Amino acid sequence: MKIASHPELSKALADALETGPISFRHFMEVALYHPTGGYYCRDSPRIGPGGDFYTSPHQSPWLGRLIAPLLEKIRLRMDEPPALHLWEYGPGEGWLAFDILEAIHSSHSALHQAVAYTFAEQSAQAQARIREKFQDTDNIRFSDPTQHPPPGFEGVVLAHEFLDALPVHVIIQKEGHLRERYVEQSGEKLQFSEGPLADERLSDWFPDLGVRLSTGQMAEVNLCAFDWVSEVARRMERGAILIFDYGFSARVLYGSSRPEGALRGYRNHTLVSDVLSRPGETDLTTHVDFTSILRTAASHGMELAGFTDQTRFLLGAGLPKAVENWKTEDEEKARRERQSVMGIMNPTGLGGAIKVMLLSKNLSLSDLSEFSMKPDDRESLETLFG
């Protein structure tokens, strides 16, 4: 049976399934991150009209432009170190970094000379495209996402739509106990089956959060995300973690309104009904449990410096005024610019769906304007979206 269109990915999955069912987490990891056939490691476009999804940096340069001054504020709070180390996980095509670094360069601030950017990207194809984009840029380097910042790290870690693409365990609440979803081969197709919990941490996960799943309810647990934030926070001596992602508090994410969980598959910008079909060609994603992210970070000495959605983050960063001050005599370019802003700020779209979390360690960042929306910001929001 040819499980996937890519021969090496198909063989990897067939080999894994040869001895019996594998956890969905294992399937998702291979389907997305196989080095040659995985969804995030293929040459075909993933973002934009020819891909399967859009991200804010692809929609507009303004997110990166307004992250840049936030980084300058963080550097000032760190007493202006000679080097500000930025470590971005899952940078994809590098568009967010491009907008950040271009804004830093245009500002002529001291940050331009201080910034040192590391791309934690495991796809060789994506690395090649990023290298081409930044071939004239100094102070950039690459790392595999499994290689975290060194112990004693001081700087900023950035994760933009990184955590929601990490492999997850899919859990089902049965009468009085939990079971886990596995993937098995049945004739000419893959299908779900059930089995015991694959990681002992899962047994107490929901009670520890004060969450009770209803009988028959499915939910995803992203242990990879919590291992990631735990390791990054443990290695950080001073600095911040800035997260942009789809997600909710544990109470909302695991509430009764999501009896089938939040796992989704997308292909050609369309929701697919079978997340096991066409592995390597389907984007698999789920929502982030921000409650557990915060708890895990706090266990390693980090504090919550800010939490909001992308719309309010951009308003707090002064986007309406920044756009007003941005000048061009090209009317068509100005129209596209306004349209791009609408794309990333719309509260019913990316603006409201994407949450922004700022975690800090040994650094006071609790009063940043990006995480406090003023009355005139609300007026700007109403003007933009009615």
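Please read all numbers here as calculations on a predicted model, not as lab measurements.

(A) Just the overall build of the protein, in detail. From N to C terminus, the protein includes 16 helices and 16 strands. Taken over the C-alpha trace, the protein has a radius of gyration of 21 Å; the compact-globule value for 386 residues is 21 Å, and the two agree within 12%. Looking at the protein residue by residue over its 386 residues, the buried ones come to 54%. Residue pairs in contact within the protein that sit at least 24 positions apart in sequence constitute 76% of those at least 6 positions apart. Roughly 17500 Å² of accessible area belongs to the protein as shown, and the carbon and sulfur atoms make up 48% of that amount.

(B) Here's a closer look at the environment of Ser 60. Among the structural elements, Ser 60 can be located in the loop between helix H3 (56–59) and helix H4 (62–77). Along the backbone, Ser 60 and Arg 338 are 278 residues apart, and their C-alpha atoms lie at a distance of 9.3 Å. At a separation of 3.1 Å, a polar atom in the side chain of Ser 60 contacts the main-chain amide nitrogen of Trp 62.

(C) Region of the structure containing the sheet that holds strand S11 (residues 264–267). Here three strands make up an open sheet; going across it, the order is S12-S11-S13 and the pairing antiparallel. Of all the strands in the sheet, just strand S12 (270–272) and strand S13 (283–285) have a single pairing partner and so form its edges. Across the sheet, the mean angle separating the axes of adjacent strands is 40° when strand polarity is ignored.

(D) Spotlight on H4. Taking 1.5 Å of rise per residue, the 16 residues of H4 would be expected to cover 22 Å, and the 23 Å separating its terminal C-alpha atoms lies within 8% of that figure. Buried within H4 we find Trp 62, Leu 63, Gly 64, Leu 66, Ile 67, Ala 68, Leu 70, Leu 71, Glu 72, Ile 74 and Arg 75. Asp 79 sits one or two positions beyond H4 and adopts a positive phi of about 65°.

(E) Focus on the packing of aromatic side chains. Throughout the structure, instances matching the rule amount to 18 aromatic pairs. Taking the centre distance of 5.9 Å and the plane angle of 40° together, the rings of Phe 24 and Phe 192 count as tilted. Of the two residues, Phe 24 is situated in helix H2 (residues 24–33) and Phe 192 in strand S8 (residues 189–195); the sequence distance between them amounts to 168 residues. Owing to a relative accessible area of 0%, Phe 24 belongs among the buried residues under this scheme. With a relative accessible area of 26%, Phe 192 lands in the partly exposed category. Taken together, a centroid distance of 5.4 Å and an interplanar angle of 90° make the contact between Phe 244 and Phe 313 edge-to-face. Taken together, the residues span a long stretch of sequence, with Phe 244 in strand S10 (residues 236–248) and Phe 313 in helix H12 (residues 310–316) at a distance of 69 residues. In this pair, the class of Phe 244 matches that of Phe 313, namely buried. An aromatic cluster is defined as three or more aromatic residues linked by ring pairs; in this entry it consists of Trp 95, Phe 98, Tyr 117, Phe 119, Phe 134 and Phe 142. When the ring centre of Trp 95 is taken as reference, the NZ or CZ atom of Lys 133 above it lies at 4.4 Å. A cation sits over an aromatic face here: Arg 258 above Phe 248, 4.3 Å from the ring centre.

About the criteria used
- Residues numbered from 1 in each chain as written.
- Predicted model: local features only at pLDDT ≥ 70, side-chain atom pairs only at ≥ 80, totals over all residues.
- Heavy atoms only, no water.
- Helix = DSSP H or I, 4+ residues; strand = E, 2+ residues; numbered from the N terminus.
- Rg over C-alpha atoms; globule rule 2.2 N^0.38 Å.
- Buried < 20%, exposed > 50% of the residue type's maximum accessible area, 1.4 Å probe, protein only.
- Contact = heavy atoms within 4.5 Å.
- Areas by Shrake-Rupley, 256 points an atom, 1.4 Å probe, with all protein chains shown as cover.
- Polar contact = N/O pair within 3.5 Å; in protein donor to acceptor, adjacent residues only side chain to side chain.
- Pairing = 2+ DSSP bridges.
- Axes fitted to C-alpha atoms, helices over the stretch in contact; angles between N-to-C directions.
- Expected span 1.5 Å × (residues − 1).
- Phe/Tyr/Trp six-rings, centres within 6.5 Å; stacked < 30°, edge-to-face > 60°.
- Lys NZ or Arg CZ within 6 Å of the ring centre and 35° of its normal.

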